[in-house]
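Descriptive analysis of the structure
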Amino acid sequence: MSQLLFCLSKLSSRNNNVLIHKNSRFLSTSPYLILGVFGDDFRSPNKLLTVRDKTVPVELVCSQVMGASHGWGFFADHNSVCISDTFSPLASKSDSKVITLPPITSMIYGQTEVVWNVAMSSSSPYHQDNEDGECVVAIKFLGNHLTMCRPGRRDLGWTNKLIPFVCFENSNLMYSKRDQRFSLPAPGGNYLCSWDLHFENEPKFTELVFRNIPQLPQSEWEMMDSCFKEDHWVESPCGQSFLVKWYSHVPSIRCKETMVMVFREDQDTNERTKNMSYTEDIGDLCIFLSKSEPFCVVASSCPGLKPNSIYLMGHSFAVYDITTKTARHFERPKGLPESLTHFLPYWLAPFSM
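Summary of the structure given here. (Residues numbered from 1 in each chain as written. Predicted model: local features only at pLDDT ≥ 70, side-chain atom pairs only at ≥ 80, totals over all residues. Heavy atoms only, no water.)

On to the packing of aromatic side chains, then. Under the counting rule described, the total for this entry stands at 13 aromatic pairs. Measuring from ring centre to ring centre gives 6.2 Å for Phe165 and Phe205, while their planes differ by 65 degrees; the resulting arrangement is edge-to-face. Taken together, the positions of Phe165 in strand β13 (residues 159-167) and Phe205 in strand β17 (residues 204-211) put the pair 40 residues apart, joining distant regions of the chain. Overall, Phe165 belongs to the buried group, its relative accessible area being 13%. Centroid distance Phe263 to Tyr278: 5.8 Å. Interplanar angle 65 degrees. Geometry classified as edge-to-face. Highlighted residues: Phe263 in strand β20 (residues 259-265) and Tyr278 in strand β21 (residues 273-279), separated in sequence by 15 residues. Like Phe263, the residue Tyr278 is buried in the burial classification. Joined through ring pairs, the aromatic side chains of Phe288, Phe295, Tyr311, Phe317, Phe330 and Trp347 make up one cluster. (Phe/Tyr/Trp six-rings, centres within 6.5 Å; stacked < 30°, edge-to-face > 60°. Helix = DSSP H or I, 4+ residues; strand = E, 2+ residues; numbered from the N terminus. Buried < 20%, exposed > 50% of the residue type's maximum accessible area, 1.4 Å probe, protein only.)

Okay, here's the thing in structure tokens:
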């Protein structure tokens with residue numbers, strides 16, 4: 001089998017699959033978008049990174065991709081869930097790592113069939129690879145259900161939680177390394193709901209107070225009110241937090257461009273309130289939004305990335321310039337088979353080893 005990965009940055013000339021960071025002991029990829037998996041008879045031009053001769057682990061043969069976090073893919077087959085590094089260009093072609101999680105238990109209210117997104121508390125599900133302790137995996141379902149488990153504890157199952165509000169396609173679950181909590185913006189984006197790593201505790205609500213809201217014509221506010229809106233909480237590598245409001249037209253209309261507003265967390269915040277200031281400058285950072293866990297990358301660490309930008313995959317497939325407020329839409333890469341009509345909506349975060 002061959003995997004197609006849409007690469008955003010230049011790759012090192014020393015290796016076609018990885019970036020070599022000087023003065024470090026590990027290899028790291030740039031961000032990628034999964035395009036699909038095909039048989040070995042498919043050949044693509046050099047604009048795509050093709051990982052050829054990839055052996056699909058037997059555990060994943062009948063599974064479907066359900067999400068991605070920290071470059072790891074999550075796969076589901078009925079109630080069984082696996083985590084694998086099979087989508088990483090750094091992973092072994094013949095022996096991908098696969099971790100089988102406990103079967104997902106049914107919930108009293110609602111269903112566990114439609115997964116919206118997944119999140120992990122660390123960059124690896126393996127306990128021995130983590131400096132921050134044991135990894136916790138969380139799955140957010142469409143509706144108001146959340147379930148969590150620790151991959152390193154084989155004797156434990158999933159712990160189900162009721163989200164205290166109904167959230168459909170409006171926000172993604174993420175993990176804050178700084179706060180050591182899973183966070184989820186509430187509908188409307190005025191509150192942040194979060195859970196710690198101790199499953200028995202109740203969620204905490206933090207009010208988001210917005211400052212320096214831009215002065216826009218009434219017609220523009222009305223147009224934004226007519227859009228589909230998503231609220232994404234994302235954290236930079238140095239621990240700075242942002243709330244990204246993504247407005248899009250459904251179906252997408254090119255003459256009506258995607259709109260994005262970014263709010264940066266101020267320093268004068270407390271446990272119950274976070275002050276968020278509107279900004280058009282996030283510096284040398286890129287934010288990636290899709291159905292995977294939102295993440296942030298230092299642009300200069302991956303040559304080819306555009307700083308002060310947001311890479312979108314969902315209702316739009318584009319890179320949004322925060323300063324100019326314009327979106328450049330990605331075109332369909334040349335050489336893809338006609339049978340591939342939809343891409344998997346998951347940006348893969350940089351993967352290190």
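Taken in spatial order, the 5 strands of this open sheet run β23-β22-β24-β25-β26, and their pairing is mixed. Unpaired on one side and paired on the other, β23 (295-298) and β26 (326-329) mark the two borders of the sheet. This sheet shows a mean twist of 25 degrees between the axes of neighbouring strands, independent of strand direction. Where strand β22 (residues 285-289) lies against strand β24 (residues 309-313), 4 bridges are found, and the strand directions are parallel. Paired with Cys286 across the bridge in β24 is Ser309. (Pairing = 2+ DSSP bridges. Axes fitted to C-alpha atoms, helices over the stretch in contact; angles between N-to-C directions.)

Of note in this structure, His70 is not a glycine but carries a positive phi near 55 degrees. With respect to the secondary-structure elements, His70 resides in the loop between β6 (64-69) and β7 (72-77). Judged by its relative accessible area of 30%, His70 is partly exposed. Phi at Lys325 takes a positive value of approximately 60 degrees, unusual for a residue other than glycine. With respect to the helices, strands and loops of the structure, Lys325 is situated in the loop between β25 (317-321) and β26. The exposure class of Lys325 is partly exposed, given its relative accessible area of 41%.

So far we have only geometry, and geometry alone does not tell us how the molecule works.
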